[in-house]
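The lines below spell out each chain.
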Amino acid sequence: MKKTTVFAFMASMFSINVLADAQNVAFSSLKQAQEEFKTNSNIIVRNCAYEFAKKCMNESKHSSAGTVVLFAVRQMADFLGRSHEFDAVCHDMLSSSNENVRISAATSLCDKMKKLEFPESDNKLRELMLRFGDDKKLQSIALMKLSDAAISAQKMCVAEKVADEILSFGTNAYPAANLSAGYIKMENAYSRRDYAGVEKIVFSIFRNRSDIPLGIGAKISKMR
């Protein structure tokens, strides 16, 4: 028997065994699928686990468990090089009746757009804002990521204007976005030696929250 024939036969048998392994896979829970994905190097089995996770995502679309499942789907999609499919999942999750699921999906989409070169990141995040409709929390998340992109590109004037947009939403903005905008305004006021402005912003941050924001002490200490 020729070598090429032998290799072809072995490859065929390997494929048959892989398919058989995949057909024998039956997941009873997301946790089991995650464990199998982590420990089983069979790519077909891993793809089966990923598809099962997506099925779980659809089933938990409107429940609080959706955020956990979404994270699992994201990890698997990234590992398999199928992140474009995860984007589609996130867009679908924007119609969830559960606010936390919508926030998780929006954050994942915005994080990806934030990594683009400025001003493309600006354009794409603005487009996402339109997709978010009238949901101020989701819009403020997009603006928060846009301000991050502007700061990375050293466009501080843009970042401050975006911060103003977020603050204009008032308590309708996502709390983390509101805090981020407050920090930007606070640091810009400090850079202009507008110490009264810094004090005003600090008090406004505390006024809009029921807790002490993590890191605000370090921010104030840095400004002496």
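Residues numbered from 1 in each chain as written. Predicted model: local features only at pLDDT ≥ 70, side-chain atom pairs only at ≥ 80, totals over all residues. Heavy atoms only, no water.

Enquirer: Honestly, the overall build of the protein in this entry has me stumped. Any pointers?
Expert: When its secondary structure is counted, the protein shows twelve helices and zero strands. Relative to its 224 residues, the protein shows a buried fraction of 40%. Expressed as a percentage of contacts within the protein between residues at least 6 apart in sequence, the contacts between residues at least 24 apart total 54%. With the model as given, the accessible surface of the protein reaches about 13200 Å², and the carbon-plus-sulfur share is 55%. (Helix = DSSP H or I, 4+ residues; strand = E, 2+ residues; numbered from the N terminus. Buried < 20%, exposed > 50% of the residue type's maximum accessible area, 1.4 Å probe, protein only. Contact = heavy atoms within 4.5 Å. Areas by Shrake-Rupley, 256 points an atom, 1.4 Å probe, with all protein chains shown as cover.)

Enquirer: Mind showing me how you'd approach the packing of helix α10 (residues 175–191) against helix α11 (residues 195–207) here?
Expert: The geometry of a pair of packed helices is captured by two quantities: the angle between their axes and the separation between those axes. One way to put it is that α10 packs onto α11 with a least axis distance of 8 Å and a crossing angle of 165°. Put simply, α10 runs roughly antiparallel to α11. In this structure, the crossing between α10 and α11 has a hand that is left-handed. Every residue of α11 that contacts α10 at Leu179, Gly182, Tyr183, Lys185, Met186, Ala189 and Tyr190 is listed here: Tyr195, Gly197, Val198, Ile201, Val202 and Ile205. (Axes fitted to C-alpha atoms, helices over the stretch in contact; angles between N-to-C directions. Parallel < 35°, antiparallel > 145°, perpendicular 65-115°, else oblique. Left-handed = near helix turned anticlockwise from the far one by under 90°.)

Enquirer: Explanation requested: the layout of surface pockets in the structure shown.
Expert: Empty space among the atoms becomes apparent when a probe as large as a water molecule is rolled across them. The computed volume of the largest pocket comes to approximately 320 Å³. Considering the residues around the largest pocket, the lining is formed by 16 residues, among which Leu167, Asn178, Leu179, Ser204 and Asn208 are closest to the centre. Listing elements by their share of the lining of the largest pocket, those giving two or more residues are α10 and α11. A per-element tally of the lining of the largest pocket places α10 first, with five residues. The residue makeup of the lining of the largest pocket, split by class, is six nonpolar, six polar and four charged. (1 Å grid on protein atoms, 1.4 Å probe; cavity = no way out; pocket = protein on both sides within 12 Å on 5 of 7 lines; lining within 4 Å. Points joined across faces, edges and corners; volume = space filled by probe spheres on them. Nonpolar A, V, L, I, M, F, W, Y, C, P; charged D, E, K, R; others polar.)

Enquirer: Looking at this structure, how should I read the side chain of aspartate 111?
Expert: Relative to the helices and strands, aspartate 111 is located in helix α6 (residues 99–114). Within the structure, the side chain of aspartate 111 is placed 2.9 Å from the side chain of lysine 145, a separation counted as a polar contact. Setting aside anything within four residues of it in sequence, one finds aspartate 111 in contact with Arg74 and Lys145. (Polar contact = N/O pair within 3.5 Å; in protein donor to acceptor, adjacent residues only side chain to side chain.)

Enquirer: I'm lost on the nonpolar core in this one. Help?
Expert: Generally speaking, a soluble globular protein has its nonpolar side chains buried in company with each other. Ranked by internal contacts, the top residues of the largest apolar core, which has 51 residues, are Leu70, Phe132 and Ile166. When residues in this core are grouped by element, the largest group, eight residues, is from helix α8 (residues 136–152). The contact partners of phenylalanine 132, leaving out residues within four places of it in the chain, are Leu94, Ala106, Cys110, Leu138, Gln139 and Ala142. Core analysis: the next-biggest nonpolar cluster, separate from the first, contains ten residues, Leu179, Val198, Ile205 and Met223 among them. (Core = buried A, V, L, I, M, F, W, Y, C linked by side-chain atoms within 4.5 Å.)

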